[in-house]
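# Reading the structure
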Amino acid sequence: MNLRINGTEREVAEGSSALLIYTLRDELGMTGAKIGCAAGFCGVCTVLVDGVATRACITPLAVVEGKEITTIEGLAQQDASGAVRLHPVQQAFIDAQVPQCGWCMSGQILTAAAFLQTNPAPTEAEVVAAMGENYCRCGCYHRIKQAVLAAAEQMAAQVVAATLPTEVRA
Ligand code: FES
Ligand code: FES
């Protein structure tokens with residue numbers, strides 16, 4: 001079967017009942033998504049499926065066939081000059097030095113990126129609620145919250161900047 005992952009068609013040998021996390025990690029070598037509980041609870045395996053945060057450890061390939069899968073490896077984008085631009089959530093996590101061991105971080109970042117698409121100006125309580133099902137055994141919750149709020153501010157600033165006339169932006 002073919003899967004569309006990070007903008008590229010990938011042929012995979014696994015059958016439609018195989019779970020996405022194992023195809024990503026074991027067959028395609030995309031190890032950014034981690035395995036924790038393997039039962040849909042912890043969130044470390046989170047990827048985006050058509051922009052929706054999805055737990056890859058409980059998602060069969062049949063569910064994602066024909067959809068756009070985004071993993072942490074594909075979240076950054078290239079700009080017109082070819083330079084890699086980190087997603088604002090990635091940059092905010094770096095700026096706030098969020099990770100400790102890092103195991104949960106791809107899931108945290110992708111969950112936050114999907115959340116900010118649906119709620120670009122969240123309150124602190126909304127961030128806590130949105131991130132509440134992604135566990136961090138290192139207890140980085142305060143910095144995760146701060147980074148998501150910072151990313152929201154950065155994304156709002158980018159939207160404002162993009163609406164300004166060119167001469168004002170310069
Ligand atoms: S490994 Fe998928 S939710 Fe825990
Ligand atoms: S940084 Fe270690 S589990 Fe979150």
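Structural data are supplied above this passage.
Just so it is clear, the structure is predicted and the values come from calculations on it, not from any experiment. (Residues numbered from 1 in each chain as written. Chains lettered and ligands numbered in written order. Predicted model: local features only at pLDDT ≥ 70, side-chain atom pairs only at ≥ 80, totals over all residues. Heavy atoms only, no water.)

### A few points about the overall build of the protein chain
- Within the protein chain, the secondary structure is distributed over 7 helices and 7 strands.
- Mapped from its N terminus to its C terminus, the protein chain presents α and β elements in the order β-β-α-β-β-α-β-β-β-α-α-α-α-α.
- Since a compact globule built from 170 residues should have a radius of gyration of about 15 Å, the 17 Å found for the protein chain is in line with a globular shape.
- On the principal axes, the C-alpha backbone points of the protein chain span a range of 55 × 35 × 25 Å.
- Across the 170 residues of the protein chain, 41% fall into the buried class.
- Taking the intrachain contacts of the protein chain between residues at least 6 apart in sequence as the baseline, contacts between residues at least 24 apart amount to 55%. (Helix = DSSP H or I, 4+ residues; strand = E, 2+ residues; numbered from the N terminus. Rg over C-alpha atoms; globule rule 2.2 N^0.38 Å. Buried < 20%, exposed > 50% of the residue type's maximum accessible area, 1.4 Å probe, protein only. Contact = heavy atoms within 4.5 Å.)

### Overview of the side chain of T70
- Take T70: it is sitting in strand β5 (residues 68-70).
- Setting aside residues up to four positions removed in sequence, T70 forms contacts with N6, V47, L48, L75 and L110.

### A few points about the sheet that holds strand β2 (residues 8-11)
- Spatial strand order, β2-β1-β5-β3-β4: 5 strands in an open sheet with mixed pairing. Looking at strand neighbours, the two that pair on one side only are β2 and β4 (52-55), the edges of this open sheet. Each strand axis lies, on average, 40 degrees off the axis of its neighbour in the sheet, ignoring direction.
- Pairing geometry for strand β3 (residues 46-49) and β5, over 2 bridges, is antiparallel. When the bridges of β5 are listed, L48 appears paired with T70.
- Of the strands in this sheet, β1 (2-5), β2, β3 and β5 touch helix α1 (residues 20-27), which is tilted by about 80 degrees from β1.
- In this fold helix α4 (residues 105-118) packs onto β3, β4 and β5, with an angle of close to 35 degrees to the strand it touches most, β3. (Pairing = 2+ DSSP bridges. Axes fitted to C-alpha atoms, helices over the stretch in contact; angles between N-to-C directions.)

### A short note on helix α6 (residues 141-163)
- The terminal C-alpha atoms of α6 lie 34 Å apart, and with 23 residues this matches the ideal 33 Å at 1.5 Å per residue to within 8%.
- Buried within α6 are the following residues: I144, K145, A147, V148, L149, A151, A152 and M155. (Expected span 1.5 Å × (residues − 1).)

### Description of a nonpolar patch on the surface
- Taken together, F41, Y135 and Y141 make up a surface patch of nonpolar side chains, about 350 Å² in accessible area.
- Counting through the fold element by element, F41 comes out in the loop between α1 and β3. (Patch = residues over 30% accessible without salt bridge, like charges linked within 9 Å, V, L, I, M, F, W, Y side chains within 5 Å. Areas by Shrake-Rupley, 256 points an atom, 1.4 Å probe, with all protein chains shown as cover. Salt bridge = Lys/Arg side-chain N within 4 Å of Asp/Glu carboxyl O.)

### Here we look at the pattern of salt bridges
- Under the criterion given, the structure shown has 4 salt bridges.
- Linking E9 and R4 is a salt bridge whose minimum nitrogen-to-oxygen distance equals 3.7 Å.
- Look at E9 and you get partly exposed, because its relative accessible area is 47%.
- Here R4 falls in the partly exposed class, since its relative accessible area comes to 32%.
- In this structure, the salt-bridge partner of E68 is R4, at a minimum N-O distance of 2.9 Å.

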